[in-house]
Each structure stands twice: as structure tokens, then as C-alpha cells.
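# Examining the three-dimensional arrangement
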Amino acid sequence: MRQYIYLLILMGCSGLLTAQNNAIVYKIDALRCEHLDRPLGIDEPNPRLSWQIKSDRAGIKQKAYQLIVGTDSMQVASGHGDNWESEKISGSKMLVKYSGSPLVGHTKYFWRVTAWDNNDAISSSSVESFETGMMDKGWKGSWISDAHDINYLPAPYFRKEIRLAKKVKVARAYIAAAGLYELSLNGAKVGNHQLDPMYTRFDRRTLYVTHDVTNMLNEGENAIGVILGNGWYNHQPLAVWDFHNAPWRNRPTFCIDLEVEYVDGTKETFVSERDWKTSSGGIVYNNIYTGEHFDANQQQSGWDIAGFDDSSWDEVRYRSVPSANIVSQQLVPIRLNKAYKPIAVTKIDSKTWLFDFGQNMAGITKLNVAGEKGITLTIKHGERLDTAGRLDLSNIDVYYRGDKQKEPFQTDVVILSDREDVEFMPKFNYKGFRYVEITSSDDIELSEENLTAFFMHSDVRSIGSVNTSSSLVNSLWKVTNNAYLSNLYGYPTDCPQREKNGWTGDGHLAIESALYNFDGITVYEKWLADHRDEQQPNGVLPDIIPTGGWGYGTANGLDWTSTIAIIPWEVYQFYGDSRLLEKCYDNIKRYVDYVDRISPSGLTKFGRGDWVPVKTTSNLELTSSVYFYADANILASAAKLFGRDADFEKYNALRNKIRDAINAKFLDKDRGIYAEGSQTELSVPLYWDVVPDEMKEKVASNLNQSVEKSDFHLDVGVLGAKALLNALTENGYEQSAYKVAVQDSYPSWGWWVVNGATTLLENWDLQAKRDISDNHMMFGEIGGWFFKSIGGILPDPQRPGFEHILLKPIFPDELSESEVKFESPYGEIITSWKKKNGNVNLIVHIPANSSATFYPPQNVERIATAELNSGRHEFNLKLR
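Notes on the structure follow. (Residues numbered from 1 in each chain as written. Predicted model: local features only at pLDDT ≥ 70, side-chain atom pairs only at ≥ 80, totals over all residues. Heavy atoms only, no water.)

### Some points on the pairing of strand 21 (residues 291-295)
Filter applied, for reference: Burial classification: accessible surface area is computed with a 1.4 Å probe over protein chains only, and a residue below 20% of its type maximum counts as buried, one above 50% as exposed, and the rest as partly exposed. Only DSSP runs of H or I covering at least 4 residues are called helices, and only runs of E covering at least 2 are called strands; the numbering of each starts at the N terminus. Two strands form a pair only when DSSP identifies at least two bridges running between them.
Of all the five residues making up strand 21, five are buried; the element is thus mostly covered by neighbouring parts of the structure. Residue alternation in strand 21 divides its side chains into two sets, Gly291, His293 and Asp295 and Glu292 and Phe294, and both sets are buried. One ladder, built from four bridges, connects strand 20 (residues 283-287) with strand 21; its direction is antiparallel. Note that in strand 21 the partner of Tyr285 across the bridge is His293. With antiparallel pairing between neighbouring strands as the criterion, strand 20 and strand 21 make up a hairpin whose turn holds three residues. Two elements, strand 21 and strand 31 (residues 411-415), share three bridges in a ladder whose sense is parallel. Bridging across to strand 31, Asp295 finds its partner in Ile415.

### Some details on the pairing of strand 17 (residues 253-262)
Burial analysis of strand 17 places nine of its 10 residues in the buried class, which makes it a mostly covered element. Relative to strand 17, strand 12 (residues 168-178) runs antiparallel, the two being bridged by 10 bridges. Among the inter-strand pairings, Val170 is bridged to a residue of strand 17, identified as Glu261. As defined by bridge partners, strand 17 adjoins strand 18 (residues 267-271) across five bridges and the pair is classed as antiparallel.

### Some details on the sheet that holds strand 44 (residues 839-846)
What holds strands together in a sheet is hydrogen bonding between their backbones, with the strands either parallel or antiparallel. The following threshold applies: Axis geometry follows a simple rule: fit a line to the C-alpha atoms, using only the stretch in contact for helices, then measure angles between N-to-C directions, giving values from 0 to 180 degrees.
Here we have five strands laid out as an open sheet, ordered 36-42-43-44-47, and antiparallel in their pairing. In this open sheet, the two strands that pair with only one neighbour each are strand 36 (464-468) and strand 47 (871-878). Taken pair by pair, the neighbouring strands of this sheet meet at an average axis angle of 10 degrees, ignoring direction. Bridging between strand 43 (residues 827-836) and strand 44 involves seven bridges; their strand directions are antiparallel. In the sheet register, Trp833 faces strand 44, and the bridge partner there is Leu842.

### Section: the environment of Asn151
Keep this limit in mind: Contacts are residue-level and defined by heavy atoms, with any inter-residue pair within 4.5 Å sufficient.
Structurally, Asn151 is set in the loop between strand 10 (144-145) and strand 11 (157-164). With relative accessibility at 54%, the residue Asn151 sits in the exposed group. Spatially, the C-alpha atoms of Asn151 and Val25 are 65 Å apart, while their sequence positions differ by 126 residues. With residues near it in sequence (within four places) discarded, Asn151 still touches Gln236 and Arg249.

### Describing the sheet that holds strand 1 (residues 27-33)
Spatially, 1-2-6 is the arrangement adopted by the three strands of the open sheet, whose pairing is antiparallel. Each end of this open sheet is capped by a strand with a single partner; those strands are strand 1 and strand 6 (95-97). Across the sheet, the mean angle from the axis of one strand to that of its neighbour is 25 degrees, orientation sign disregarded. Pairing analysis gives three bridges linking strand 2 (residues 48-54) to strand 6, with the strands arranged antiparallel. Bridge assignment links Arg48 to a residue of strand 6, and that residue is Lys97.

### Some points on the pattern of salt bridges
Put simply, the rule is: By definition, a salt bridge exists where a carboxyl oxygen of Asp or Glu is found within 4 Å of a side-chain nitrogen of Lys or Arg.
Summed over the entire model, instances satisfying the criterion amount to 51 salt bridges. Arg608 is the partner of Asp543 in a salt bridge, and the nearest nitrogen-oxygen pair spans 2.6 Å. Of this pair, Asp543 sits in the loop between helix 5 (521-534) and helix 6 (558-561) while Arg608 sits in the loop between helix 8 (579-598) and helix 9 (620-641), and the two are 65 residues apart along the sequence. The class for Asp543 is buried, based on a relative accessible area of 1%. Across the pair Asp586 and Arg644 runs a salt bridge whose closest N-O atoms are separated by 3.5 Å. Note that Asp586 is positioned in helix 8 and Arg644 in the loop between helix 9 and helix 10 (645-666), a separation of 58 residues in sequence. For Asp586, a relative accessible area of 44% gives the class partly exposed. Here Arg644 falls in the partly exposed class, since its relative accessible area comes to 30%.

### Side note on the packing of helix 11 (residues 679-687) against helix 12 (residues 693-709)
The test is simple: Crossings are classed by handedness, with left-handed meaning an anticlockwise turn of the near helix from the far one by less than a right angle and right-handed meaning a clockwise turn. Polar here means any residue outside two lists: the nonpolar Ala, Val, Leu, Ile, Met, Phe, Trp, Tyr, Cys and Pro, and the charged Asp, Glu, Lys and Arg; Gly therefore counts as polar.
The interhelical angle for the contact between helix 11 and helix 12, taken along N-to-C directions, is 145 degrees, at an axis separation of 9 Å. In the crossing of helix 11 with helix 12, the sense of the turn from one axis to the other is left-handed. The segment helix 11 lies against helix 12, with Gln679, Leu682, Ser683 and Leu686 engaging Lys696, Val699, Ala700, Asn702, Leu703, Ser706 and Val707. Broken down by class, the residue content of the contact of helix 11 with helix 12 amounts to six nonpolar, four polar and one charged.

### Comments concerning the environment of Tyr208
Basically, it comes down to this: In the analysis that follows, any N or O atom pair within 3.5 Å is treated as a polar contact, provided that within protein one partner can donate a hydrogen and the other can accept it, and provided that, for residues neighboring in sequence, both atoms belong to side chains.
Structurally, Tyr208 is set in strand 15 (residues 206-212). Only 2.9 Å separates the side chain of Tyr208 from the side chain of Asp43, close enough to count as a polar contact.

### Side note on the nonpolar core
Counted only if it meets this: Nonpolar cores were defined as sets of buried Ala, Val, Leu, Ile, Met, Phe, Trp, Tyr and Cys residues, with membership established by side-chain atoms within 4.5 Å.
Ile662 and Trp749 are the most contacted members of the largest nonpolar core, which totals 211 residues. With 12 residues, the single largest contributor to this core is helix 9.

### Structural notes on helix 7 (residues 563-575)
For the record, the criterion: By this rule, a helix spans an expected 1.5 Å times one less than how many residues it contains.
With 13 residues, helix 7 should reach 18 Å at 1.5 Å per residue; the first-to-last C-alpha distance of 17 Å fits that figure. Of all 13 residues that make up helix 7, 13 are buried, and the element is covered over most of its length. Phi turns positive one or two residues past the end of helix 7, at Gly576, with a value near 65 degrees.

### What about a negative patch on the surface?
For clarity, the cut-off: A patch is a set of surface residues, each over 30% in relative accessible area and not in a salt bridge, joined within 9 Å for like charges and within 5 Å for the nonpolar side chains Val, Leu, Ile, Met, Phe, Trp and Tyr. Surface accessibility follows the Shrake-Rupley procedure with a 1.4 Å probe radius. Residue values consider only the protein chains on display as shielding. Counting rule applied: Lys, Arg positive; Asp, Glu negative; His and chain ends not counted. Where a charge lies is defined by one atom per residue type: Lys uses NZ, Arg uses CZ, Asp uses CG and Glu uses CD.
A cluster of acidic side chains, namely Asp349, Glu372, Asp442 and Asp443, defines a negative patch on the protein surface. The topology assignment puts Glu372 in the loop between strand 27 (352-369) and strand 28 (376-382).

### Regarding the packing of aromatic side chains
Note the threshold: Any two rings among Phe, Tyr and Trp, with Trp reduced to its six-membered ring, count as a pair given centres within 6.5 Å; such a pair is stacked if its planes are under 30 degrees apart, edge-to-face if over 60, and tilted if neither.
Applying the stated criterion across every chain yields a total of 48 aromatic pairs. Between Tyr199 and Trp232, the aromatic rings sit 4.9 Å apart at their centres with planes inclined by 15 degrees, giving stacked as the arrangement. Of this pair, Tyr199 sits in the loop between strand 14 (188-189) and strand 15 while Trp232 sits in the loop between strand 16 (220-229) and strand 17, placing them 33 residues apart in sequence. Trp232 gets classed as buried once you look at its relative accessible area, which sits at 7%. Between Trp752 and Trp764, the ring centres sit 4.9 Å apart and the planes meet at 15 degrees, which makes this aromatic pair stacked. In this pair, Trp752 is assigned in helix 15 (residues 749-754) and Trp764 in the loop between helix 15 and helix 16 (781-788), connecting sequence segments 12 residues apart. The class of Trp752 is buried, set by a relative accessible area of 1%. Chaining the aromatic ring pairs together yields one cluster made of Tyr199, Phe202, Trp232, Tyr233, Phe243, Trp248, Tyr289, Tyr400, Phe409 and Tyr491.

Structural measurements only, silent on function.
Below, the structure is given as C-alpha cells:
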């Protein structure tokens, strides 16, 4: 028997400092309200307050806490609050629902946390804040627009001058819109958001945004300006998704309340009313799907500055409220996140230039150019070049049914004026692209200085990283994140160019990759609200959400629209926050009950199947029924969590019935295969825990043999891509899983990377003729799998939110070192390991107030599992 060494080092074992010591044992940090930093416009009457405990010492555990909330920051800092002074509450919770006196709208609240650790050391946080929005106060402004109809192309501009008689102390702008808006004060854009408000089912939920405009107003004369864009509200060009037939479609409209508090304590509100004026301007066409056209000759200079002559402008008109549900937009905004200069600029001819930005992305470009009046520049965006080196849109314009001459796809049009320079950056559109081709109506000279690209997306905070000795692993992690961010615009999309649709399947297939890498809970809470808005009374969901009506077809079934159950459950696992699951509980019930009614045997063919497989088609009834089981399983688990005993009994019986029906029809117990034994047909039942315990070893062995026979190549579509690596890893075949993950010949994820992909693709086959977007997220599980396998960081379903961590790292033979980091709600978890001379040195960091169970992988000399408290832990393990 070979000897091995097991060494566990707990840093800081000399003991914890207590409250009697002056030294700091731990600090309370990362205070957030509703998972946001210092949010404005909170409408939630019982907002969630969360924090972290950070310490370099081992074993720190929160024993009790107290929350103070009030409207006086100094009073809160001293330990008193006029809204809530909780008792000293025993427990380790760091996510607490506000339970003080009722919150009042348009009010800033300050809050603070005091905690006691397991040695009675006391620590208090700094004072943080959140601010309520409209709540029950109601709007003073009116909904206004211009007199044009849905077919009018130029964007409407609106202005109003106001006079402030005193010095401003605090000012807030509350603006709601159906469509998109850009708000300006005294000639300057308000805030740094893009494409506000987010896309919703406009006739059922309309969002408003709160802006702090205190420093943008002057004592004396001021001007308010608003430009409205069509967005998804007034979709003018035709596409197969029927956006133009949306039941809410109308000319964009808005409502604004500008609330000003003066230094003397008096208040004044300026609102949208019929005393505003409207006209057109430089934006002569805009569409979220196709592009934006700008005529610099029609831009009215100074239109949003006080003193502008608006005597020729028109009167506005009242509009009906788009929906009865005007709610605060409480999610991270879309922003410009990274600027790119071209890596190459090619002159095609005297009028045509091609810009290569070296990165496929979603976003917009900014043009700075000078030229003769009337010159028209056509700025076309795409992700592929043809054999002649020209931009090729044929892989992404296939579903566009508009006039490609008048309204070209993914194309901005700029008409120059006689001004020295024209700067153009679209306000109400985005594209998916790597290359930009500019064609001029006359000869023109351009260079890299004329065009800048901006990667734009929901500005979710990065919380995960993967850095290994494998350049391919590192690249796969990066391209996965590039694809994910390219497809995050207030909801997860399938692709940023061809469709921009919130395909449900793409959303849940990539959910773990999303939540390991980014703090995205607010985006998913918004998107699941869209689900609730779109759900039919019988429980059916469309497979794109939001939708103007398309997607309630015959295949919008379980493998796609299980988002209603899977995403709330995964958010609960990652955050330990059950609010989204609770809000969706009745919707999950209606959905599961519907499928139960149409599938009384427990088996169903309701679904799309294993979309875009390499070559082998898997059994639709098997995969759809497994997702039916997954939904019923989540529902039963949620019923137990929320104490709904009758529901638990009902849905526990249903999940068992579905599981038994699947195994009765599809499992060949003698051979240990499901259906015909494809990689998808074996991995999906394993991953979703449908396989009987006594059969798992045999089924997993057959799956492993299948990937060995394919020389560790994939033969799956989207459902198999989600399940395959996990099914292998969880059943003792982690070495095979890794070989599949890092395969670099066709078909594999790595095949894309070695062929130059900077985002994930839609099809394994680079020569495919359909389903060929080059920026897609439906195969995105690979990015999350690295955290679960090489990093070995998994949530414990019994103590979710990483209160307790399941540590199951793998040490692939081909990999020599790895460092994986993940900032959980409790703080940063790190697993770092290196191999040397047949040993693995593993270092683990567990955040304060958390704990973990370490499970050694199979390729080390066997040792017992280890229970770990917070702190730094080191293992020296002998490889087999």
C-alpha cells in the first residue's frame, strides 16, 4: 500500500479575539438592499437586507445580529432607528426581510447591522442606505406623446422649461415609458443607463426608473428633454416573430415626475403635462431589431437647453396609461461596459471600409467623422465575412422580413451635415457583431480613430473566475462569459443579432453558468415576473418571453418552458433566497397541473427535444418526460419548504409516478440503457436523478463507454450538453468528463475555440447551413461545469446559498494546476491546487459564517471526508 499524506492547516488557530479586545476580529461588509447597492426607487414594502462577514481568522460564525433602520443617518450610526430596531436575534442569517414600521414612498432610509460572533465579539457595519420610490403615493404627471401613429418613423422629442426659485437640496426624476427613453437636463444625458426601461409585457407591466438629478439642476432656468424610442413597444419592421402584431403596440409614450426639495425644506414637483412641446430631430428612424438612422441636418442644436426657441414645436397629447401596473425597475441596468478599437481596418474601395474589432460582442458603435453635407454613411454590423472579405449577414438576417433596402438589418445610417464633425452613437438599438462595414455615398477616408465599438449588456457584477494551466479551459471560460453577457439585456436572450428573443430553454440551460460567474439575481427576478405575466390561465407558457404573441405553439413544452420551475429553484440554491421561488410557486403549480392533465400516464411528448444535436436524434418522449419529472420534483420540494403539506403529498406522489413511468417504458434493466442509448438518452436521466439507485452504476458505465467509443467527442444537442459532463462527473467518470470538455477537434466546445470563436456558437458544425449564430448561449453549461468540477464548489440543497458548501474538486490527469474563485452570498470561496511529484497540494478558502464538507476525488489515495469551518485549509494529497 502506497503511503499518502493528509495535512490540514487552519490559519489563525491561536484563538479568536473577543469583545473585550480592541483588535478587529471581523467586519460586516457588502450591505445590499434587494440585492442592489444603495438602490433608488424601491417599491417593495418589505425589502431584503443582506450582508457578509469578512475575517482572516478561522472558524468565525455569526451567533446573533441586530438591524437598525431609520431616516436619520446620524441616529442610525449611533445605534438607534425610528423605523426599526430589531431585537438581538439569534442565528447566522445574513439575508433578512425588513420588518419595521411601514415604509413611506419617496423617502431615504439608512440602515446598519450589528453582529455577535461565536465568541461574543461584536462588530457593527457602516451605515448604508436605500430609497423608496412611488409605492402608494401615485403619479402626478400625465402620460403624453405626440400626435403621430405607429407608422411614423422619426423619433419624438419633448421639452419643458422650469424655473427653480431656490437652491436645490435633493432632486429625483421618476420616469416611466412605454418604449424606450433618453432623459436629459440642461443639455446633459441623465445617468449612464442604456435602453431604459427594460422590455416587458407592456400592457401588463410597465417599468419606471428613478434618477438622482440633484447635481444637474440650477437655481433659475432649467430645461427637461426626453427622446422616445420604439424599442419592443412599437416594432415597425416585419419579422417571423410577429412583434409588429403585439397587442400593446402603439406610438411610444412617457410620464415623468421631477421632485425637487429645496435647502429650506420646501418641495416642488414638475410633471409631464400638456404644457410640454414636441417635435422631431436627428433620429429619423429607430428600431431595436434593425438599426437607427440619424440625419445630422435635422438635429436641432440646443433643443434641451433653457432659452431654446420652441415656438415652432407642436403641442403634446394625452395618452392612456399603457398598463395598470406601473412598477419600479429594480435590476442592474444596461450599460456600456468596454470600449474596443479596431484591430484592423481594411479599405475595400474608395467608398467602403471594413473594421475588425477582434471580438464578437453585443452592443453599439460610435462614429466620429467629418465630411461634406449630405454624404450618407451606411454602417453595417455582422459577425462573419464572405470569401471576398466583405461583411456577410446571411447567417443572421434569415428571419427578418422587412425592406432590406430602406430598413437594412443590423445597420445604422448617418447623413452628414455641414458641421465640422458628426458624432453618432445609437440610443435605441443594439447589434451582435465583430465586424463593421461602412459604405459612403461619396469617396471618404476613414481610420481606426473614426469608429469605436462598445460591449453593452446588463451590468451584472462579476463574481467568478477560472484560471488553470490549460489555455483551452481558460479560453472556454472566457468565451462562455462573452456569450452570456452578449445575451443579457434585462432578460437572457438566445442571440444578440438574428432574434434577440428570450428563449426559455437557452435561459435555464445556462443558469448555473450564469450564477457562478455573475451576480444576476435581479435580472432573473425580472424575467420570471415576465413569465408570470405571459402565463395563460391554464398554465401554458410561450417559449419566448416576453412575446408579442408568438410562441404558444405545439412544441413550447417542458424542455424549454421549465424555466418557470428550474430558474427559481437554482436562484434559491445559489442565494439561499426563497422569494422568487415563493412568487412563482402558484405558477409552477398551474404549469405542472396542465402537463399532468394532458399527460395522465406520466409520460409526455410536449417539448422540442434535444435541439441541434451533432448527429443522433434522441427520444422526445423520454427527454420531455424527464423535464416533467424535474418540474414536479422542484414543486414537491418547494411545497415542503413552504410547509404546504397537502401539496407536498400530491406532488411527491406525482414525481414518483412520472419517474416510475419513465423507467417502465424506457429503461432496459438488463442492458442498463434508456431508449436507444444515445449520449443524451443516458445522461439526461442520470443528471435529473431519474435512474433507480441500483441501476446508476450500470447506466453511467454505458454512458462512459459511449464517450470512449466516440473518442471523447460529443454527440448531443442542448439537453445532452447540459447533462453529459455532470452525469459523468457525479458518477465516478470525472476523467472522461474532462476529456470531453477539453476536446479540441470536431465536434466539441474546444473545436469552436481553436477555430477562432470568441463567443459560443449555435451549431457544433462550422459548415452548417441553418442554426448558425456565432453568439449563442444555449450550449453554455461548460462555463458552470468548471466551477462544479475543477473547482468542486457546489451548494448544499439542505443549506442553500452556500451557507454550507459541498467541495468536490476533481484533479484531471491532463491538468497540472487550477484556481477557481466564486463569491457566494457568504463571501469568496477559493479552491486552488497544484500537482507536483505525484502529489496534489490543495488550498481551500471558506468564507466566515460558512462551512464545507470536503469529498476527496477518486484519483487520490482514499481518505475520509473532512468537515471544514471558515478559514484557510490546506491538503497534501497523494495521487493514485
